[in-house]
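Examination of the molecular architecture
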Amino acid sequence: MQSPGQVIVVLGTGGTIAGLAATPADNLDYRAAQVSVAALVASAQTPASLAVESEQVAQIDSKDMDFATWRALALRLVHHALRPEVAGIVITHGTDTLEETAYFLSRVVALAKPVVLSAAMRPASSIDADGPRNLADAIVLAAQPAWYGVAVVLAGQVHAARDVRKTHPHRLDAFSSGESGTVANIAAGEIRRLRALPAGADAVGVAVLPPSESAWPWVEILTSTAGSDGRAVDALVRAGVDGIVVAATGNGTLHRRLGAALDAAVGRGVRVLRSTRCLDGSIVAAGSETFASARDLTPVKARIELILSLLVERRSAQAIS
C-alpha cells in the first residue's frame, strides 16, 4: 500500500492525445480516442517516486463531450480525492472542449488536491507527438500540494481553468490565458510559477448534477451581430429553452432588435446572461444594465455558469417544496 501523497490518478476521456492516424507524418487526419489511458501513462516519463494509476472514464472525441461524462468525471474526482494516498489527479482530454470541462470542474468540485487537465494537438501516432510530454508535465504538477484547484497544462504552460481558452485550431501552442497570462511554465520537470492561481467561486457540489442528461437545463448561445433580430430568440423560447447566453459586441452591448427580443424572453421566464464576443477582456459595468453580465467569462464558460446557476435554483426549489 502506498504512503499518503505518493499516488497520482490519471483519468482518461479520449481526445487527440489518444488519437491514431494512418501514418506517423499525419497530424491532422486521425481518429481521436483510440488509445487507452493506461497506454498513454506508459508512454509518459514520470518520476520514479510517484505511483501512477489510470482509469478510463470515457473514450470520446471531445467535440462530443456531454453532460453525462462531465458528471462521471466530477464523481470520480471526489472519489479519488478522498483517498489519503492520492496526491493529485490528472485528466487526459481532447482540446476542442478542454476549456469547458476545466471550468465546469472548477465550479462543481472544491478539492484540497491538484486537478490538472492535459491534452495534445497531435495524435499519439505522430512522429512528433506532444501528448507524452504534456502528460508528464501534468503529472509533475499534480504532485505539488501547493497547486490545489483546477489547472490546464499544455506546451509547457500552466493555465488557470477560468482563464484558459483555445485560440488556434492546430498549432502546438494552441491555448492562451488572455490578458490574465499563464500561471506557470514547466521545463524539464521544473515548475516556474508566474502568478497565483485565481481564487475560484464557491463550488456548487456534485449533488446538483442530475443523473439524466434530459434533466439538465437547456442553455444556448446567441451572438449579437450587424443586422441581428429576434427570430432566433423567439424560436428558442417557443421550443422551451431555459437560458440564453448572448455573445455581445464590445463592452456587452446588443443590437436593439436582439435586445428587445431577449427582454421579452426574460418576461417569459428565460434567464439571460451577457458575455462578450471580443477575444479578450472583461465586461465592465457602465450604468444601468438590462441583463446580468458574465464579466470575464467567454461565451462557452458563461453558458456553463448559467447551467449551474439554474441547477442550483432547481435544487433549492425542490428542497423548499
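Look a little higher up for the structure.
So, here's what we can say about the structure. Since this is a predicted model, take the numbers as computed values, not measurements.

Notes on the sheet that holds strand S5 (residues 86-92)
Taken together, eight strands build an open sheet; the order of strands is S4-S1-S5-S6-S7-S8-S11-S12 and the sheet is mixed. Of all strands in the sheet, those bounded by a partner on one side alone are strand S4 (51-60) and strand S12 (190-193). In this sheet, adjacent strand axes meet at a mean angle of 25 degrees when their direction is disregarded. The pairing of strand S11 (residues 184-187) with S12 spans four bridges and is antiparallel.

Some words on the layout of surface pockets
Considering only enclosed or pocket space, the second largest pocket measures out at about 320 Å³ in volume. Contributing to the lining of the second largest pocket are 15 residues, with Arg165, Cys278, Leu279, Thr298 and Pro299 lying nearest its centre. Of all elements in the fold, only strand S9 (165-166) and helix H7 (299-320) reach the threshold of two or more residues within the lining of the second largest pocket. Residues that form the lining of the second largest pocket fall into these classes: five nonpolar, four polar and six charged.

Quick word on the sheet that holds strand S14 (residues 243-248)
Strand order across the open sheet formed by four strands is S13-S14-S15-S16, with parallel pairing between neighbours. At either end of the open sheet lies a strand with only one pairing partner, and these are strand S13 (219-223) and strand S16 (292-293). Pairing analysis gives five bridges linking S13 to S14, with the strands arranged parallel. The partner of Ile221 across the bridge, within S14, is Val245. This element, helix H6 (residues 256-267), spans S13, S14 and strand S15 (271-276) of the sheet and lies at about 160 degrees to S14. Sheet strands touched by H7: S13, S14 and S15. Its angle to S15, the strand with the most contacts, is close to 155 degrees.

Rules used throughout
Residues numbered from 1 in each chain as written. Predicted model: local features only at pLDDT ≥ 70, side-chain atom pairs only at ≥ 80, totals over all residues. Heavy atoms only, no water. Pairing = 2+ DSSP bridges. Helix = DSSP H or I, 4+ residues; strand = E, 2+ residues; numbered from the N terminus. Axes fitted to C-alpha atoms, helices over the stretch in contact; angles between N-to-C directions. 1 Å grid on protein atoms, 1.4 Å probe; cavity = no way out; pocket = protein on both sides within 12 Å on 5 of 7 lines; lining within 4 Å. Points joined across faces, edges and corners; volume = space filled by probe spheres on them. Nonpolar A, V, L, I, M, F, W, Y, C, P; charged D, E, K, R; others polar. Contact = heavy atoms within 4.5 Å.

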